[in-house]
Amino acid sequence: MYGTEQIQKLQKSTLSFLQQTGEQNSVVPVNELEQLRDLLRFHEYRYYVLNDPLISDAEYDSLYKLLQRTEQLYPDQVSPDSPTQRVGSSLNQQFITVQHLVPMLSLDNSYNAEDLIDFDRKARELSNLDLIEYCIEPKFDGASISLIYENDRLVRAATRGDGVEGEDITTNIKQIKSIPLTAAFSSYGIRQIEIRGEIIMSKQAFHGYNAQLVAQGQSPLANPRNAASGSLRMKDPREVAQRNLDAFLYHISYYIRDEGTTLTHQNKPTLLDTHSGSLQLLWEMGFRSPQKEKKVVRGIDEVIEYCLAFEKIRDDLGYEIDGMVVKVNDIALQEKLGMTSHHPRWAIAFKFKARQATTRLRAIEFQVGRTGAVTPVAKLDPVYLGGVTVSSISVHNEDYIKEKDLNIGDAVLIERAGDVIPQIVKSLPELRDGTEQEILFPKQCPVCKSQLFKEEGEAVWRCINIECEAQVVEKIIHFVSKDAMDIKSFGEANVRKFYELGFLKDIPGIYRLPYEQIGVLDGFGKKSLENLQNAILVSKQQPLYRLIYGLGIRFVGETTAKTLANAVENVLDFTTKTEEELLLLEDVGIKVAKSIQHFFQNEQNIQMLGELKELGLQLHNEKKEVLAAGALTGKTFLFTGTLAKLKRSEAEAMAEEQGGVIVSGVSAKLNYLVVGEDAGSKLEKAKKINTIKIITEDEFLSLF
Ligand code: IVH
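Residues numbered from 1 in each chain as written. Predicted model: local features only at pLDDT ≥ 70, side-chain atom pairs only at ≥ 80, totals over all residues. Heavy atoms only, no water.

Within the protein chain, the regular secondary structure consists of 24 helices and 24 strands. Overall size of the protein chain, expressed as C-alpha extent along the three principal axes, is 85 × 75 × 50 Å. Within the protein chain, the proportion of its 704 residues that are buried is 48%. For the protein chain, the accessible surface area stands at approximately 35000 Å², while carbon and sulfur atoms represent 49% of it. A gap of 2 Å separates the mean positions of the 82 positive and 99 negative side-chain charges of the protein chain. (Helix = DSSP H or I, 4+ residues; strand = E, 2+ residues; numbered from the N terminus. Buried < 20%, exposed > 50% of the residue type's maximum accessible area, 1.4 Å probe, protein only. Areas by Shrake-Rupley, 256 points an atom, 1.4 Å probe, with all protein chains shown as cover. Lys, Arg positive; Asp, Glu negative; His and termini not counted. Charge placed at Lys NZ, Arg CZ, Asp CG, Glu CD.)

Pairing in this open sheet of five strands is mixed, and the strands run β2-β11-β10-β3-β9 from one edge to the other. The sheet is open, and its two borders are formed by β2 (109-110) and β9 (295-298), each paired with just one other strand. Inspection of the sheet shows strand β10 (residues 321-328) paired to strand β11 (residues 347-351) by five bridges, in the antiparallel sense. Each residue of the ladder has a partner; that of Val326, found in β11, is Ile348. In the packing of helix α4 (residues 113-127) onto the sheet, the strands contacted are β2, β3 (133-140), β10 and β11, and the crossing angle to β11 comes to about 175°. Against the sheet, helix α9 (residues 275-284) makes contact with β3, β9 and β10, and its axis sits at roughly 50° relative to β3, the strand it touches most. (Pairing = 2+ DSSP bridges. Contact = heavy atoms within 4.5 Å. Axes fitted to C-alpha atoms, helices over the stretch in contact; angles between N-to-C directions.)

What the four strands build is an open sheet, ordered β22-β21-β23-β24; its pairing is parallel. Looking at strand neighbours, the two that pair on one side only are β22 (661-662) and β24 (693-696), the edges of this open sheet. Examined bridge by bridge, strand β21 (residues 636-640) and strand β23 (residues 672-675) share four bridges and lie parallel to one another. Pairing of Thr640 across the sheet is with Val675, part of β23.

Here the focus is the side chain of Arg46. Tracing the backbone shows Arg46 in helix α2 (residues 33-49). When sequence neighbours within four positions are dropped, the list of residues in contact with Arg46 reads Ile7, Asn51, Asp52, Pro53 and Leu54.

Every one of the 13 residues lining the ligand counts as a neighbour, but Glu137, Phe140, Ser144, Glu198 and Lys327 are closest to it. Contacts to the ligand include Leu107, whose backbone N or O atom sits 3.4 Å from an oxygen atom. The side chain of Lys139 places a nitrogen or oxygen atom 3.3 Å from an oxygen atom of the ligand. When isolated, the ligand has an accessible area of 530 Å², and the protein chains bury 89% of it. Among the elements of the structure, β3 and β10 are those that each provide at least two residues to the shell around the ligand. Looking at the shell around the ligand, the element that brings in the most residues is β3, giving four residues. Considered class by class, the residues forming the shell around the ligand number seven nonpolar, two polar and four charged. (Near = heavy atom within 4 Å. Polar contact = N/O pair within 3.5 Å; in protein donor to acceptor, adjacent residues only side chain to side chain. Nonpolar A, V, L, I, M, F, W, Y, C, P; charged D, E, K, R; others polar.)

Attention now goes to the packing of aromatic side chains. With the rule as written, the count across this model stands at 23 aromatic pairs. Note on Phe637 and Phe700: the rings are 5.8 Å apart at their centroids and 80° apart in plane angle, and the pair reads as edge-to-face. One end of the pair, Phe637, is in strand β21; the other, Phe700, is in helix α24 (residues 697-701), with 63 residues separating them in the sequence. Both residues of the pair, Phe637 and Phe700, belong to the buried class. A centroid spacing of 5.2 Å and a plane angle of 85° characterise the contact between Phe639 and Phe700, whose relative ring orientation is edge-to-face. Separated by 61 residues along the polypeptide, Phe639 in strand β21 and Phe700 in helix α24 bring together distant segments of the chain. For Phe639, a relative accessible area of 1% corresponds to the buried category. Ring-pair connections join several aromatic residues into one group, and the members of that group are Phe140, Phe248, Tyr250 and Tyr319. (Phe/Tyr/Trp six-rings, centres within 6.5 Å; stacked < 30°, edge-to-face > 60°.)

For strand β12 (residues 355-368) and strand β16 (residues 411-416), the ladder comprises six bridges, and the chain directions are antiparallel. Residue pairing across strands places Arg355 opposite Arg416, the latter belonging to β16. Turn length for the β12-strand β13 (residues 374-385) hairpin, with the two strands adjacent in sequence and antiparallel, is five residues, and the turn residue Gly372 shows positive phi of about 90°.

A few words on unusual backbone geometry. Outside of glycine, negative phi angles account for most residues, and trans bonds account for most peptide bonds. You will see that His396, though not glycine, has its phi angle at about 60°, which is positive. With respect to the element layout, His396 can be found in the loop between β14 (388-394) and α12 (398-403). Of note, Asp678 is a non-glycine position whose phi angle comes to about 55°, a positive value.

This part covers the packing of helix α1 (residues 4-20) against α2. It is the contact of α1 with α2, at a shortest axis distance of 10 Å, that shows an interaxial angle of 115°. In terms of their interaxial angle, α1 and α2 are classed as roughly perpendicular. Between α1 and α2 the crossing geometry is left-handed. Judged by residue contacts, Ile7, Leu10, Gln11, Ser13, Thr14 and Phe17 of α1 engage Gln35, Leu36, Leu39, Phe42, His43 and Arg46 from α2. Broken down by class, the residue content of the contact of α1 with α2 amounts to six nonpolar, five polar and one charged. (Parallel < 35°, antiparallel > 145°, perpendicular 65-115°, else oblique. Left-handed = near helix turned anticlockwise from the far one by under 90°.)

The subject of this paragraph is the pattern of salt bridges. Counted under the stated rule, the structure contains 39 salt bridges. Between Asp381 and Arg362 there is a salt bridge whose closest N-O contact spans 2.9 Å. Of this pair, Asp381 sits in strand β13 while Arg362 sits in strand β12, and the two are 19 residues apart along the sequence. Assessed through its relative accessible area of 28%, Asp381 is described here as partly exposed. Salt-bridge contacts for Lys526 lead to Glu530; the nearest nitrogen and oxygen are separated by 3.6 Å. (Salt bridge = Lys/Arg side-chain N within 4 Å of Asp/Glu carboxyl O.)

Note that all results are geometric; they support no functional claim without further evidence.
Here you go:
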């Protein structure tokens, strides 16, 4: 995209600007602003698209700051496509639904050479050709997006959604530095263009991100695809910027040319006539397209050869791919072949096989879950399998072990299909040497030693001692988890630690933690303790369905918990509900009804709910009072502590705009106390008044 001469020029200008950054608070003259912006765009391209920076990170930062300072001095000179404008405002974004210019179809899949041969035969029959030219490229494993550029500017980015409509995520996409905010499509006479691609997280960024999650006591994500797609819908674009996302652009779905524009290559073939040409055009415009990874071949035999060869090197790439995409190269022929209602007839995905490995089964560990189910987990010699090291795999239950003919000491074949959890495919009895041992299922709970039971027709052995330590801990872990009470910064590791130290022995204990003792533990600074304390405090206001789900009643998932919450005024109403009444509820069958009754007829459970009520949790069904426009009318707000995302004045203005009233002190008249960092006496006072809703900044934002 940049010629040698141009690069030399840009390097010279880099040096000259860098000299100007030496002085503190230096700025550049207004007439050099655009030159400085171009320079930063060039260095972003070198770094993010080519992976080949010409200056150090520190030098880039000082140039960026020079631009930022100058733009601050001349605010009317800031252009929307300036590199400084990637970072959006931190406000809570709403993602509005938008329509794609062309529906985003998915691809038909093929799994072997025969499927590809079949695809080629159909395409040749439909087009009356003996030989078709194909372009092959990786199938990136991420989240698909569509970008629209108008008059050379990125004006909209959207998720795939249902293929017809997606969500507008422009602000978040602008945080991804390998996506240019401007691209010189007008030099091709193109006024508007829609481009498709995939947002990915590199393997390196993914490992870094997971390490961060684990350090914060959260669960790591299963794969880079989930990490990428989850990141796209984050409410705060600054967080997106920190995720180190990347993008491959692989398809031009639509474009309009300027009327009367003479194309550079008029009457001659243009890049837009072929798919490989489109990839090159995108590359020249500064996008990361699979320009280097693609291959143009003639006939399906060469397609098969390239797909199989690429499969062999997939683990060497810096990002995940789950197959190859084979596309008819000639765009006119693509149009002729057209599409079915689901997918184009001119392209097909070639899906890679599940990754397999052999290793040895060394032992079986029996784990007790929160419902008392005892799950056997196979401990394996660690083996590297498609990006992760696998050393243990759940083998579900006794029947499964028999079915797979597993013994301790067996060589086993394991596989990971795409992103899913690894599985044992089979044992390899032909490799046995007689030292293998049968797997014996325990008759007693491995944790509390009480006798295990198996219900008729079930494959699972259970510990039915509800005081069993393992179950208690798992129940607490479930209660604080994201989909239940969502007590941030608690997490599995902390539950286990507090339990072992005797700080926590049941669910109500979460609300009676001895913070003074926790504060002296390693890894608990003032800040993390405060975060934990605040998170526990605000969880008291969680809606009833979260509490019901958090109780871990057997067969009551999130959806049923919502149904149940809507069916009562107070959770204790379930103590008097008959089976018939429960069966009238949606999705409640006999199994679920019995389980609910069983839970609410248990003395210990009722006592626990009583304790939770005394500790200030909501047992009654408070219909959400907010959300509707102007719905905060008359509600009183007070802010305390330092807010992380909003200025105090901004937050107050937001509340007032919706009819809220700002008050100056804590009293029984206060409806919402919004708590920021280092909140002090106001928070203490508010805790004593039951009717005040104590909420975090994020929860405040979610009111809008
Ligand atoms: S072409 C009409 N090319 O795979 C053409 N898709 O199952 C549309 N994908 O939704 C897609 N890499 O998210 C195409 N090189 C590639 C791709 C690719 C990944 C994804 C894309 C699409 C899905 C289809």
